[in-house]
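One-letter residues, chain by chain:
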Number of protein chains: 2
Amino acid sequence: MSTVPAFKRLPRAVREQQMLDAAVKVFSRRGFHAASMDEIAEDAGISKPMVYAYLGTKEELFVACLHREGTRMMQAIAGAAAPDLPADERLWRGLRAFFGFVGAYRDGWAVLYRQARGEQPFAGELATMRARLVEVVAGMLDHALRAEGREIAAVDLEVVAYALVGATESLADWLADHPDADPEKTATRMMNVAWLGAAQLLHGATWRPPVD
Amino acid sequence: MSTVPAFKRLPRAVREQQMLDAAVKVFSRRGFHAASMDEIAEDAGISKPMVYAYLGTKEELFVACLHREGTRMMQAIAGAAAPDLPADERLWRGLRAFFGFVGAYRDGWAVLYRQARGEQPFAGELATMRARLVEVVAGMLDHALRAEGREIAAVDLEVVAYALVGATESLADWLADHPDADPEKTATRMMNVAWLGAAQLLHGATWRPPVD
DNA sequence: GAGCATACCTACTCGTGCGTAGGGTTACGC
DNA sequence: GCGTAACCCTACGCACGAGTAGGTATGCTC
């Protein structure tokens with residue numbers, strides 16, 4: 001019988017992307033464990049053995065998702081924030097690119113941020129990416145500091161950078177839950193908090209605890 | 001035979017706390033799905049049916065953990081930050097109490113923050129608690145603003161509060177992973193970022209995006 | 001010290017979901 | 001037009017883990 005087959009035969013590269021799309025979607029909704037390979041396969045419009053043939057086990061599939069979304073995000077940011085710009089300009093462009101990414105790939109963000117953190121085998125992978133970001137931000141701050149002939153202990157710098165990254169992620173989460181919100185506007189608000197605070201620190205202002 | 005029994009008989013209230021301790025520990029390590037009731041029971045030094053008898057199903061057990069750790073945290077914060085103090089003082093005391101809690105109950109924090117966020121049935125519960133915190137912070141900022149005769153759109157206020165809460169959570173996470181770090185010192189660093197930034201905003205400073 | 005409630009156990013059932021065996025069909029090179 | 005490789009399926013085995021059935025021992029009350 002040469003009737004039209006129920007499902008088209010497609011080249012591997014295309015199917016793989018469809019599978020990844022489905023996987024990201026399902027993982028983001030259900031979480032790693034609660035997501036079933038059957039549901040992912042069904043959502044991708046394909047049968048389960050194909051998923052195993054192309055992307056491997058459930059863990060490997062999840063890692064593949066992490067990789068795709070992660071590099072997507074990193075490239076978006078790296079592409080926007082040229083290293084030879086002044087610190088505030090770099091920060092602004094980085095933030096804008098980042099919120100743009102989250103706005104465009106909400107599911108991808110949810111997988112990276114909400115799901116991968118808790119699960120033992122993947123937390124490390126994520127922590128690495130996060131650490132790279134923190135390092136970049138810390139480097140930026142340090143650079144700005146040195147330009148003013150000032151210096152701060154490395155730990156403090158790292159912690160401040162950590163706080164900024166955390167605040168940004170948190171707002172990204174807020175953005176992911178508010179489909180109507182504007183990524184650009186959110187980036188501006190984040191910049192307000194981050195930069196006005198950071199600039200104070202850079203200029204040598206320090207808050208000290210009261211002696212009670 | 002009246003020999004010493006292998007396991008002591010203990011009153012319900014005590015066993016329940018032991019079970020909750022074990023559950024929080026295991027959930028924090030493995031995540032909700034990967035944690036098994038068998039492991040929790042074993043860790044609590046008790047058999048599985050006892051867990052079901054006292055705390056109910058796995059979901060109910062997890063909710064019980066959430067509740068215990070959540071109220072513990074909320075009470076620590078509420079007890080420290082009296083509402084009639086000036087904003088910076090309140091913020092400082094709240095932060096100190098919060099980081100104190102995280103330092104003391106790292107597993108509890110991990111369950112609340114890392115595990116409960118991704119899992120569908122519990123995310124709502126957590127979001128509510130989080131929302132209460134954001135509201136408190138936003139209220140604090142608003143109060144400080146009005147004292148200076150200024151005002152900000154409610155959305156902006158909420159977003160700034162959200163960013164502050166996010167930054168704090170992020171640092172808490174950092175603290176949870178660095179057992180040697182000092183909660184008090186971490187709180188100070190957070191205060192630096194938060195307050196110097198917030199104070200700038202309160203005084204009417206605004207960052208605006210370049211027109212490119 | 002008889003009765004009863006409470007604390008506690010071993011040993012099962014049964015559903016769910018990962019991963020695979022084994023086979024069918026379409027395209028493409030030669 | 002024929003072999004071969006790539007694409008795709010239905011249908012299963014099997015392990016793991018939630019939840020329970022049914023029973024034992026211990027302390028408390030009167």
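It should be emphasised that the depicted structure is a prediction, and the values quoted were computed from it without experimental measurement.

Engineer: Outline the overall build of chain A, listing residues and values.
Structural biologist: Regarding its fold elements, chain A presents nine helices and zero strands. Listing every helix and strand of chain A by position from the N terminus yields α-α-α-α-α-α-α-α-α. With respect to the principal axes defined by its C-alpha atoms, chain A has extents near 80 × 35 × 30 Å. Here chain A, with 212 residues, has 50% of them falling under the buried criterion.

Engineer: Explain the packing of aromatic side chains residue by residue, including any values.
Structural biologist: All names here are of chain A. If you walk through the whole model with that rule in mind, you get 18 aromatic pairs over all chains. Considering the side-chain rings of F98 and F99, the 5.4 Å spacing of their centres and the 70 degrees angle between planes classify their relative orientation as edge-to-face. When its relative accessible area of 6% is taken as the criterion, F98 is described as buried. Looking at F99, the relative accessible area reads 0%, which means it is buried.

Engineer: Any details on the side chain of Q115 of chain A? Residues and values, ideally.
Structural biologist: Within the secondary structure, Q115 of chain A sits in helix α6 (residues 106–115). On the basis of relative accessible area, Q115 of chain A is assigned to the buried category, the value being 3%. A polar contact is formed between the side chain of Q115 of chain A and the backbone oxygen of S28 of chain A, at a distance of 3.2 Å. Other than its neighbours up to four places away in sequence, Q115 of chain A contacts F27, S28, G31, F32, F62 and A110 of chain A together with G118 of chain B.

Engineer: Can you break down the relation of the copies chain A and chain B residue by residue, with the values?
Structural biologist: Superposing chain A onto chain B requires a rotation of 180 degrees together with a translation of 0.0 Å along the rotation axis, leaving an RMSD of 0.1 Å. On the angle and the small slide along the axis, the relation comes out as a two-fold axis. Taking C-alpha positions as the reference, the residue of chain A nearest the rotation axis is G197 of chain A, at 1.6 Å. Comparing contact sets, 100% of the residues at the interface of chain A also lie at the interface in chain B, consistent with an isologous, same-surface contact.

Engineer: Describe the pattern of salt bridges, with residues and values.
Structural biologist: Residue and element names in this part refer to chain B. Enumeration according to the criterion identifies 30 salt bridges over all chains in this entry. Linking R30 and E39 is a salt bridge whose minimum nitrogen-to-oxygen distance equals 2.9 Å. Taking the shortest distance from any N to any O, the salt bridge between K48 and D38 comes out at 3.6 Å. One end of the pair, K48, is in helix α3 (residues 48–55); the other, D38, is in helix α2 (residues 37–44), and ten residues separate them in sequence. Given a relative accessible area of 44%, D38 falls into the partly exposed group.

Engineer: Break down helix α5 (residues 87–104) of chain B for me, with residues and values.
Structural biologist: For α5 of chain B, which comprises 18 residues, the first-to-last C-alpha distance of 26 Å matches the rise-based estimate of 26 Å (1.5 Å per residue) to within 8%. Burial within α5 of chain B is extensive, with 13 of its 18 residues counted as buried.

Engineer: Which residues make up the protein's contact with DNA strand D, and what values do they have?
Structural biologist: DNA strand D sits among 21 residues. The nearest are R15 and S47 of chain A together with M37, K48 and Y52 of chain B. Counting only the atoms of DNA strand D within 4 Å of the protein, the fraction contributed by sugar and phosphate is 57%. A distance of 2.6 Å separates a phosphate oxygen of DNA strand D from a polar side-chain atom of R15 of chain A. Within the residue set of the surface near DNA strand D, elements represented by two or more residues are α1 (12–30) and α3 (48–55) of chain A together with α2 and α3 of chain B. Within the surface near DNA strand D, the residues separate by chemical class into ten nonpolar, three polar and eight charged.

Engineer: Describe the nonpolar core, and please don't skip the residues or the numbers.
Structural biologist: Grouped together as the largest cluster of nonpolar side chains are 137 residues, with contacts concentrated most on F27 and M73 of chain A together with F27 and M73 of chain B. Excluding its chain neighbours within four sequence positions, the residues that come into contact with M73 of chain A are F98, F101, W109, L112, M129 and L133 of chain A.

Engineer: Give me the interface of chain A and chain B: which residues, what numbers.
Structural biologist: Counting from both sides, the interface comprises 46 residues of chain A and, opposite them, 46 residues of chain B. Here chain A and chain B share an interface that buries about 4,200 Å² over both sides, 62% of which is from carbon and sulfur atoms. Linking chain A with chain B are two salt bridges. In this structure, R117 of chain A and D173 of chain B form a salt bridge, with 2.4 Å as the shortest nitrogen-oxygen distance. Elements represented by at least two residues in the side of chain A that touches chain B include exactly α1, α5 (87–104), α6, α7 (120–147), α8 (154–177) and α9 (183–202) of chain A.

Engineer: Break down the protein's contact with DNA strand C for me, with residues and values.
Structural biologist: Taken together, 21 residues lie around DNA strand C, and M37 and K48 of chain A together with R9, R15 and S47 of chain B are the ones closest in. Those atoms of DNA strand C that come within 4 Å of the protein belong to sugar or phosphate at a rate of 59%. Take Y52 of chain A: an N or O atom from its side chain is 3.2 Å from a phosphate oxygen of DNA strand C. Taking S47 of chain B, its main chain carries an N or O atom lying 2.9 Å from a phosphate oxygen of DNA strand C. Those elements that place two or more of their residues in the surface near DNA strand C are α2 (37–43) and α3 of chain A together with α1 (12–30) and α3 of chain B.

Engineer: Before we move on, could you go through the confidence of the model for chain A and cite the residues and values that matter?
Structural biologist: The predicted model of chain A has a mean per-residue pLDDT of 86, with 91% of residues at 70 or higher. Counting contacts from residues 1–6 of chain A, a segment whose pLDDT is below 50, to residues more than four positions away or on other chains yields zero contacts.

Engineer: Just give me the short version of the environment of V51 of chain A, but keep the residues and values in it.
Structural biologist: Residues and elements named next belong to chain A. With respect to the helices and strands, V51 occurs in helix α3. Classification of V51 as buried rests on a relative accessible area of 2%. Counting along the chain gives 90 residues from V51 to L141, while the straight-line C-alpha distance between them is 44 Å. Excluding its chain neighbours within four sequence positions, the residues that come into contact with V51 are M19, M37, A41, I46, G56 and L61.

Engineer: Just give me the short version of the packing of α1 of chain B against α2 of chain B, but keep the residues and values in it.
Structural biologist: Residue and element names in this part refer to chain B. At their nearest, the axes of α1 and α2 sit 8 Å apart, and the two run at 130 degrees to each other. As judged from the angle between their axes, α1 and α2 are oblique. Here α1 runs over α2; the crossing is right-handed. Contact residues: α1 offers Q18, M19, A22, A23, K25, V26, F27 and R30, while α2 offers E39, I40, D43 and A44. By residue class, the composition of the contact of α1 with α2 is seven nonpolar, one polar and four charged.

What counts and how
Residues numbered from 1 in each chain as written. Chains lettered and ligands numbered in written order. Predicted model: local features only at pLDDT ≥ 70, side-chain atom pairs only at ≥ 80, totals over all residues. Heavy atoms only, no water. Helix = DSSP H or I, 4+ residues; strand = E, 2+ residues; numbered from the N terminus. Buried < 20%, exposed > 50% of the residue type's maximum accessible area, 1.4 Å probe, protein only. Phe/Tyr/Trp six-rings, centres within 6.5 Å; stacked < 30°, edge-to-face > 60°. Polar contact = N/O pair within 3.5 Å; in protein donor to acceptor, adjacent residues only side chain to side chain. Contact = heavy atoms within 4.5 Å. Least-squares fit on C-alpha atoms with pLDDT ≥ 70 in both. Salt bridge = Lys/Arg side-chain N within 4 Å of Asp/Glu carboxyl O. Expected span 1.5 Å × (residues − 1). Near = heavy atom within 4 Å. Nonpolar A, V, L, I, M, F, W, Y, C, P; charged D, E, K, R; others polar. Core = buried A, V, L, I, M, F, W, Y, C linked by side-chain atoms within 4.5 Å. Buried area = accessible area lost by both parts, 1.4 Å probe. pLDDT = per-residue confidence, 0-100. Axes fitted to C-alpha atoms, helices over the stretch in contact; angles between N-to-C directions. Parallel < 35°, antiparallel > 145°, perpendicular 65-115°, else oblique. Left-handed = near helix turned anticlockwise from the far one by under 90°.

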